[in-house]
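So you can see what is in the structure, the chains are spelled out below.
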Amino acid sequence: MSSHDIFLGETIGTAVLILLGGGVCAAVTLKRSKAQNAGWLAITFGWGFAVLTGAYLAGGVSGAHLNPAVTIGLAIEGGTKWSDVPLYLASELLGAMIGAVLVWLTYYGQFKAHLTDPDVLKAHLGDVDEGMVDPKAAPKAGPVLGIFSTGPEIRNAAQNLVTEIIATVVLVLAILTQGLNDGGNGLGVLGALITALVVVGIGLSLGGPTGYAINPVRDLGPRIVHSLLPLPNKGGSDWSYAWIPVAGPLIGGALAGVIYKLF
């Protein structure tokens, strides 16, 4: 694969992944959305279909890593050259940021309605005065941060980190072992469907504690966008937690690569 192929495939594929994945979070969260309160099943299947779509788009171009944890796991396994890793990671981060901006543009009116609703603001940010909030009273996570990035239900750094590591090991091992099927030829286009179903399974089974980032740029890219977008009353971006959905998946991806090589 050329550098152009890697950049194009990973940027577009990851952008679509985040557009559809962040889009389902926006649909479920925001007022004036037809899917508001659709629930966890909608989110988990939405993210699974997001992975499926992004992987089909980028698979024939860049291999559709769409995730630095997958890139690291494949580099340790030997399927990706280490010299290509920086380009993969940079392209994935760029694509994630583009996807997050597209979510904002798609739900522009709903973001405005949600972030100026007195009930929403009081619930998340404290006392409301004519639709505005004292920024000093704002907590770490704002009313729409969950659309852009993940957060724990119980804030315990060690547990949250371990949860992300375990979930990512499952994901990356499931991807690496596809190469053991069909005489070593993998699963072809069927692999994207299997990976998407694995992501749904992880969300349903392991996503409850932290929201299952299992992908550093899925969390970091949109979190950066959240911090930069001109959203009124958006609150903080919870940077004190942001290292966990980056470090956990990277450690998990590396562990999966090591486990694959050993066994």
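Residues numbered from 1 in each chain as written. Predicted model: local features only at pLDDT ≥ 70, side-chain atom pairs only at ≥ 80, totals over all residues. Heavy atoms only, no water.

Next up on the list: the pattern of salt bridges. Pairing between side chains of opposite charge can happen when their charged atoms approach one another. What the rule picks out here adds up to three salt bridges. In this structure, the salt-bridge partner of aspartate 238 is arginine 155, at a minimum N-O distance of 2.7 Å. Linking aspartate 238 in the loop between α10 (216-228) and α11 (244-262) with arginine 155 in the loop between α7 (145-148) and α8 (157-176), this pair joins segments that are 83 residues apart in sequence. Take aspartate 238: its relative accessible area is 5%, and that puts it in the buried class. (Salt bridge = Lys/Arg side-chain N within 4 Å of Asp/Glu carboxyl O. Helix = DSSP H or I, 4+ residues; strand = E, 2+ residues; numbered from the N terminus. Buried < 20%, exposed > 50% of the residue type's maximum accessible area, 1.4 Å probe, protein only.)

Soluble globular proteins tend to bury their nonpolar side chains together. By size, the foremost hydrophobic cluster in this structure holds 47 residues, and its most contacted members are Trp47, Phe111, Val144, Ile147, Phe148 and Leu231. Once you skip the residues sitting within four places of it in the chain, phenylalanine 111 turns out to touch Leu30, Val103, Trp104, Val144, Ile147, Phe148 and Leu231. Counting residues in hydrophobic clusters, the runner-up holds five residues, among them Ile165, Val169, Tyr241 and Ile244. (Core = buried A, V, L, I, M, F, W, Y, C linked by side-chain atoms within 4.5 Å. Contact = heavy atoms within 4.5 Å.)

Glancing now at the packing of aromatic side chains. Summed over the entire model, instances satisfying the criterion amount to four aromatic pairs. With a centroid separation of 6.4 Å and an interplanar angle of 45°, the aromatic rings of phenylalanine 45 and phenylalanine 49 are classed as tilted. Of this pair, phenylalanine 45 and phenylalanine 49 both sit in helix α2 (residues 40-62), four residues apart, which is roughly one turn of the helix. Consider the rings of phenylalanine 111 and phenylalanine 148, whose centres lie 5.8 Å apart with planes at 35°: the pair is tilted. Within this pair, whereas phenylalanine 111 is found in helix α5 (residues 108-115), its partner phenylalanine 148 is found in helix α7, the two being separated by 37 residues in sequence. (Phe/Tyr/Trp six-rings, centres within 6.5 Å; stacked < 30°, edge-to-face > 60°.)

Next up on the list: the packing of α8 against helix α9 (residues 190-206). Running from amino to carboxyl end, α8 crosses α9 at an angle of 160°, the nearest separation of the two axes being 10 Å. Compared by their axis directions, α8 and α9 come out roughly antiparallel. In this structure, α8 meets α9 at a crossing whose hand is right-handed. On α9, the residues that touch Thr163, Ala167, Val170, Leu171, Ala174 and Ile175 of α8 are Thr195, Val198, Val199, Ile202 and Leu206. Of the residues in the contact of α8 with α9, the class split is nine nonpolar, two polar and no charged. (Axes fitted to C-alpha atoms, helices over the stretch in contact; angles between N-to-C directions. Parallel < 35°, antiparallel > 145°, perpendicular 65-115°, else oblique. Left-handed = near helix turned anticlockwise from the far one by under 90°. Nonpolar A, V, L, I, M, F, W, Y, C, P; charged D, E, K, R; others polar.)

A few words on the confidence of the model for the protein. Residue-level pLDDT values for the protein average 92, and 92% of them are 70 or greater. Here residues 135-139 is modelled with pLDDT under 50, and outside its nearest four sequence neighbours on either side it reaches six contacts, counting other chains as well. (pLDDT = per-residue confidence, 0-100.)

This next bit is on the side chain of glutamine 178. Counting through the fold element by element, glutamine 178 comes out in the loop between α8 and α9. Within the structure, the side chain of glutamine 178 is placed 3.4 Å from the backbone oxygen of glycine 191, a separation counted as a polar contact. (Polar contact = N/O pair within 3.5 Å; in protein donor to acceptor, adjacent residues only side chain to side chain.)

Within α5, burial applies to Phe111, His114 and Leu115. For α5, the angular spread of the buried residues around the axis is 85°, confining them to a single face. (Arc of directions from axis to C-beta.)

Moving on: a nonpolar patch on the surface. Residues Phe7, Leu8, Ile12, Leu57, Leu94, Ile98, Val101, Leu102 and Leu105 make up a contiguous nonpolar surface patch of about 710 Å² in total accessible area. Only α1 (3-29) and α4 (85-106) provide two or more residues apiece to the nonpolar patch. Top contributing element to the nonpolar patch by residue count: α4, with five residues. The exposure class assigned to phenylalanine 7 is partly exposed, which follows from its relative accessible area of 39%. (Patch = residues over 30% accessible without salt bridge, like charges linked within 9 Å, V, L, I, M, F, W, Y side chains within 5 Å. Areas by Shrake-Rupley, 256 points an atom, 1.4 Å probe, with all protein chains shown as cover.)

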